Structure formats: structure tokens, C-alpha cells
Amino acid sequence: MREKNVTLTPTLAIQELIFKYGKQIGVDEWGLQKITSVRESITNVVRKAKEYGVTIISGTDLGFETGLEEIDMGKNWMETVLLVERGGLSPIEALRASTYDAGMAIGINAGAIEIGRDADIIIINGDPTQNVREISKVTNVIQNGKLVVENNKSIKG
């Protein structure tokens, strides 16, 4: 994968959802039994990919609302958290997987703060390089150079 510049998107959040809340959301008995081995296998794949220098990017297969506190549509930050907690990435590696590396993988000019790149930036109340879970504490969002969320409130414009 590294030699051919193929990225790995492990989609950990959907697995974590089924592992933790499968019965609650109606997953059948076979699925509940299978998820434990799938979850462990993917964890090993992520750790091995990191060891081999494969580019890991953040993404999710979660395409439905769950109503759960941490794992739900629009809470893509959980994928970053799981890359650290389950996949063994450092917080900085997981943040890069969720920003720069993900942007490069799909060919968009984002994911880094540099002249000539799109100004898509989040402001976080905390330091996710020290505690990756603080990535969930977004206060402001700048999209394409314009402030669109300020103090957790959308700005109509």
C-alpha cells in the first residue's frame, strides 16, 4: 500500500458503535458475535499499517443518526479519537489523518494552514495534541475563510 500510495481508511466508529451499542440499535446475534473479532482485526491492521508507513486517513461508514452522545452522524471527531485509542496513532498522527492526509487523499486543497490553501479551520477549547478527546470541543468554525460558527452558534450570512 505504501509503495502504491494507497491509503487505509479503517472506519473505526461504525465498529465501535456496533460493539458498544449493537444490541440497543437492533443488531442481530450473529452481528453482535462477529463484531468482536472484526474490531480486534481492524485494530491490528491499523497498528501494522502504521508500522509499515501506510498513510492512514480518517473516514466513517456511519450513515445514519444514532442519537448517542459520542458516536453519531456529524461527530466525525470520534474517528480521530479511535485512531488514537484503538489504532495506536499518536494524537498528532490522528489529527493529520483527519485533516491533511485525508484532504490529500481526495485531492482537495485543505488540511494545512499555509498560503494558497483553503481556510477551513476549527478552533478548539483545549489541546487535542495532549488529550485527543478535546477535539470534540469545537467552539468556532472557519469555512473557506469565513467564520460560520462562533461560540457554538451558526452565523447566518
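That block above? That's the structure.
Residues numbered from 1 in each chain as written. Predicted model: local features only at pLDDT ≥ 70, side-chain atom pairs only at ≥ 80, totals over all residues. Heavy atoms only, no water.

Trainee: Account for the overall build of the protein chain, with residues named and values stated.
Mentor: On a plain count of helices and strands, the protein chain comes out with 5 helices and 4 strands. The order of α-helices and β-strands along the protein chain, N terminus first, is α-α-α-α-α-β-β-β-β. Computed over its C-alpha atoms, the radius of gyration of the protein chain comes to 17 Å, within 12% of the 15 Å expected for a compact globule of 157 residues. Across the 157 residues that make up the protein chain, the buried fraction comes to 34%. Within the protein chain, residue pairs in contact and separated by at least 24 positions form 51% of the contacts whose partners lie at least 6 positions apart. Surface summary for the protein chain: the accessible area is close to 9800 Å², and the carbon and sulfur share equals 51%. (Helix = DSSP H or I, 4+ residues; strand = E, 2+ residues; numbered from the N terminus. Rg over C-alpha atoms; globule rule 2.2 N^0.38 Å. Buried < 20%, exposed > 50% of the residue type's maximum accessible area, 1.4 Å probe, protein only. Contact = heavy atoms within 4.5 Å. Areas by Shrake-Rupley, 256 points an atom, 1.4 Å probe, with all protein chains shown as cover.)

Trainee: Any chance you could break down helix 3 (residues 77-85) for me, citing the residues and the numbers?
Mentor: In terms of burial, helix 3 is largely enclosed, as 8 of its 9 residues are buried. All buried positions along helix 3 are accounted for by Trp77, Met78, Glu79, Thr80, Val81, Leu82, Leu83 and Val84.

Trainee: Describe the packing of aromatic side chains, naming the residues involved and giving the relevant values.
Mentor: Taken as a whole, this structure holds 0 aromatic pairs when the rule is applied. It is Arg39 that lies over the ring of Phe19; its NZ or CZ is 3.7 Å from the centre. (Phe/Tyr/Trp six-rings, centres within 6.5 Å; stacked < 30°, edge-to-face > 60°. Lys NZ or Arg CZ within 6 Å of the ring centre and 35° of its normal.)

Trainee: Summarise helix 2 (residues 29-52); cite the residues concerned and give the values.
Mentor: In this model, helix 2 (24 residues) spans 35 Å end to end at C-alpha, consistent with the 34 Å of a helix rising 1.5 Å per residue. The sharpest bend along helix 2 reaches about 30° and sits at Ile35. Here helix 2 has its buried residues at Gly31, Ile35, Arg39, Thr43, Val46 and Ala49. Tucked into the core, helix 2 has its buried residues touching helix 1 (12-25). (Expected span 1.5 Å × (residues − 1). Bend = angle between axes of the 7 residues up to and from the residue.)

Trainee: Kindly report on the sheet that holds strand 3 (residues 146-150), identifying the contributing residues and their values.
Mentor: One open sheet accounts for 4 strands, arranged 1-2-3-4; its pairing is antiparallel. The sheet terminates laterally at strand 1 (121-124) and strand 4 (153-154), the two strands that pair on one side only. As judged from the 4 bridges shared by strand 1 and strand 2 (residues 138-143), these two strands associate in the antiparallel manner. Counted as the bridge partner of Ile123 is Asn140 from strand 2. (Pairing = 2+ DSSP bridges.)

Trainee: With reference to specific residues and values, describe the layout of surface pockets.
Mentor: Gaps between atoms show up when a probe of the same size as a water molecule is rolled over them. There is about 1100 Å³ of room inside the largest pocket. When residues of the lining of the largest pocket are traced back to their parent elements, those giving at least two are helix 3, helix 4 (91-98), helix 5 (100-106), strand 1 and strand 2. Looking at the lining of the largest pocket residue by residue, the classes come out as 17 nonpolar, 11 polar and 5 charged. (1 Å grid on protein atoms, 1.4 Å probe; cavity = no way out; pocket = protein on both sides within 12 Å on 5 of 7 lines; lining within 4 Å. Points joined across faces, edges and corners; volume = space filled by probe spheres on them. Nonpolar A, V, L, I, M, F, W, Y, C, P; charged D, E, K, R; others polar.)

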